[in-house]
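Residue-level structural notes
Chain by chain, the residues run as shown.
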Amino acid sequence: MGVIAAAVVVAALDVVVWIAAHEATPAAAARPGGADVVAVIDASSRRVVDNVPVGRSPTLVASGYGGAWVLNKGEGTVTHIDEATRRVVATLPLDVTPSDLTVGVGGVWLVGRTRGDSTQALETARLERINPRTDRVDRRLDTQTGAFVMAAGGNALWSTGLLPGHVRGAARSDATTGAVRRVDIEIYGDMIAANDEAAYWVGSIASRVARVSTRTGRLTSSMPLASDASLAAGHVPPNPTGVALGGGALWISAVDGSVLRIDQHLHGVVASVPVCKNALAITYGEGAVWVACSDSTVVRLDPKTGKAGAPIHIGGLPRGIAAGGGAVWVTLN
């Protein structure tokens, strides 16, 4: 059931991307960009200033430790781009088939199953850390989390996957020892964000969010993304596509192009801001929220005013987005 549920979530997101690709506007398609590149937006001028070629089928991207880190899912590699020069430093082959990538707790972390080993149990997952100074994997942790998504915070990695006993669930893995502890979040959360205070799971199917203290590893609060009054009025609950932390809030993008701003202690939805037709991914950095949209654009949302800026055309369909080093990094695939 855990693997099936994960596959359904991934398939659903790919359907959104497929639909988006067939609905791209002519204006966006006419601009420079292309496939298998990372579009670089200057965070100040909000203009595309570069397109950096990377590996085949780039999906996720994360920013940290002076670089942008790109997961090239089509070939199972990670590309390290220097944030200052916007040039590729290295492309690293991996010994896992990665499903997620995150930055924090001392390096760049990947999670996946060991490549070429068909005898692994479903709950087996390997966590690998890339040392950002050497571009080498310096830590490998074999866990029984079955993890396919994760986030880093509070000296731990927080994940969702298939736990022992073929039970879908969340877990905490110690970043030093790999010791695993199950986390009861009362939902199936397939999107995660974390900092040193808390980890948040968002359920795209349940349309709900849960908060866990990184200090105690216990659930502190949980809330639906749509109120009873909204549901009673016939409104469809939001279908989340991404989650980000920053500016004292939790930000969730949705298929309908809206962005939810949620109090970081889950006291309620502060605002719902329409940004574009379909929001595919979201990040926080450089003092703002950045949303990758299906019309081949990126939109900046000002957290102070709650207003969305003019769309920035990036010339291709985005898959992942990150902000840092004075820029916004968008994978085009």
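Values in this document were obtained by computation on a predicted structure and should not be read as measured data. (Residues numbered from 1 in each chain as written. Predicted model: local features only at pLDDT ≥ 70, side-chain atom pairs only at ≥ 80, totals over all residues. Heavy atoms only, no water.)

**Quick word on the overall build of the protein**
- The helix and strand inventory of the protein stands at 3 helices and 28 strands.
- Across the 333 residues that make up the protein, the buried fraction comes to 54%.
- Looking at the protein alone, contacts between residues at least 24 apart form 42% of all its contacts between residues at least 6 apart.
- For the protein, the accessible surface area stands at approximately 14,000 Å², while carbon and sulfur atoms represent 52% of it. (Helix = DSSP H or I, 4+ residues; strand = E, 2+ residues; numbered from the N terminus. Buried < 20%, exposed > 50% of the residue type's maximum accessible area, 1.4 Å probe, protein only. Contact = heavy atoms within 4.5 Å. Areas by Shrake-Rupley, 256 points an atom, 1.4 Å probe, with all protein chains shown as cover.)

**A few points about unusual backbone geometry**
- For Ser57, which is not glycine, the phi dihedral falls at a positive 55°.
- Take Ser57: it is sitting in the loop between strand E2 (47-53) and strand E3 (58-64).
- A residue is classified by how much of its surface remains accessible, and Ser57, at 24% relative accessible area, is partly exposed.
- For Asp135, which is not glycine, the phi torsion reads 60° and is therefore positive.

**Thoughts on the state of the cysteines**
- By the definition in use, this model includes 1 disulfide.
- Note on cysteine connectivity: Cys276 is disulfide-linked to Cys293, with sulfurs 2.2 Å apart. With the S-S bond torsion at -85°, the cross-link from Cys276 to Cys293 turns out left-handed. Residue Cys276 is located in the loop between strand E22 (269-274) and strand E23 (279-285), and its partner Cys293 is located in strand E24 (residues 288-293); the two are separated by 17 residues in the primary sequence.
- Overall, the relative accessible area of 0% leaves Cys293 in the buried class. (Disulfide = S-S within 2.5 Å.)

**Description of the pattern of salt bridges**
- Tallying each qualifying case throughout the model produces 10 salt bridges.
- A salt bridge links Glu128 to Arg140; the shortest N-O distance between them is 3.2 Å. Here the residue Glu128 occupies a position in strand E9 (residues 125-131), and Arg140 occupies one in strand E10 (residues 136-143), the gap between them amounting to 12 residues.
- By relative accessible area, Arg140 is classed as partly exposed at 45%.
- Overlapping salt bridges bring together Asp95, Arg126, Glu128, Arg140 and Asp142 as one network. (Salt bridge = Lys/Arg side-chain N within 4 Å of Asp/Glu carboxyl O.)

**Looking at the nonpolar core**
- Core analysis: the largest hydrophobic core is formed by 16 residues, its most contacted members being Ile41, Trp290, Val298, Ile314, Ile321, Val328 and Val330.
- Only strand E1 (37-42), E24, strand E27 (318-324) and strand E28 (327-332) provide two or more residues apiece to this core.
- Leaving out residues up to four positions away in the same chain, Ile321 has contacts with Val61, Ala281, Ile282, Thr283, Trp290, Val291, Ala292, Val298, Val328, Trp329 and Val330. (Core = buried A, V, L, I, M, F, W, Y, C linked by side-chain atoms within 4.5 Å.)

**Remarks on the packing of aromatic side chains**
- All told, the structure shown has 2 aromatic pairs when counted by the stated rule.
- Between Trp158 and Trp201, the ring centres sit 6.2 Å apart and the planes meet at 85°, which makes this aromatic pair edge-to-face. Of the two residues, Trp158 is situated in strand E12 (residues 156-163) and Trp201 in strand E16 (residues 198-203); the sequence distance between them amounts to 43 residues.
- A relative accessible area of 0% places Trp158 in the buried class.
- Overall, Trp201 belongs to the buried group, its relative accessible area being 0%.
- Between the aromatic rings of Trp251 and Tyr284, the centroid separation amounts to 6.5 Å while the plane-to-plane angle is 20°, which identifies the pairing as stacked. Here Trp251, found in strand E20 (residues 249-254), pairs with Tyr284, found in strand E23; they are 33 residues apart in sequence, far enough to count as distant.
- Relative accessible area serves as the criterion here: at 3%, Trp251 is assigned to the buried category.
- Relative accessible area serves as the criterion here: at 23%, Tyr284 is assigned to the partly exposed category.
- Just above the ring of Tyr188 sits the side chain of Arg168; from NZ or CZ to the centre is 4.7 Å. (Phe/Tyr/Trp six-rings, centres within 6.5 Å; stacked < 30°, edge-to-face > 60°. Lys NZ or Arg CZ within 6 Å of the ring centre and 35° of its normal.)

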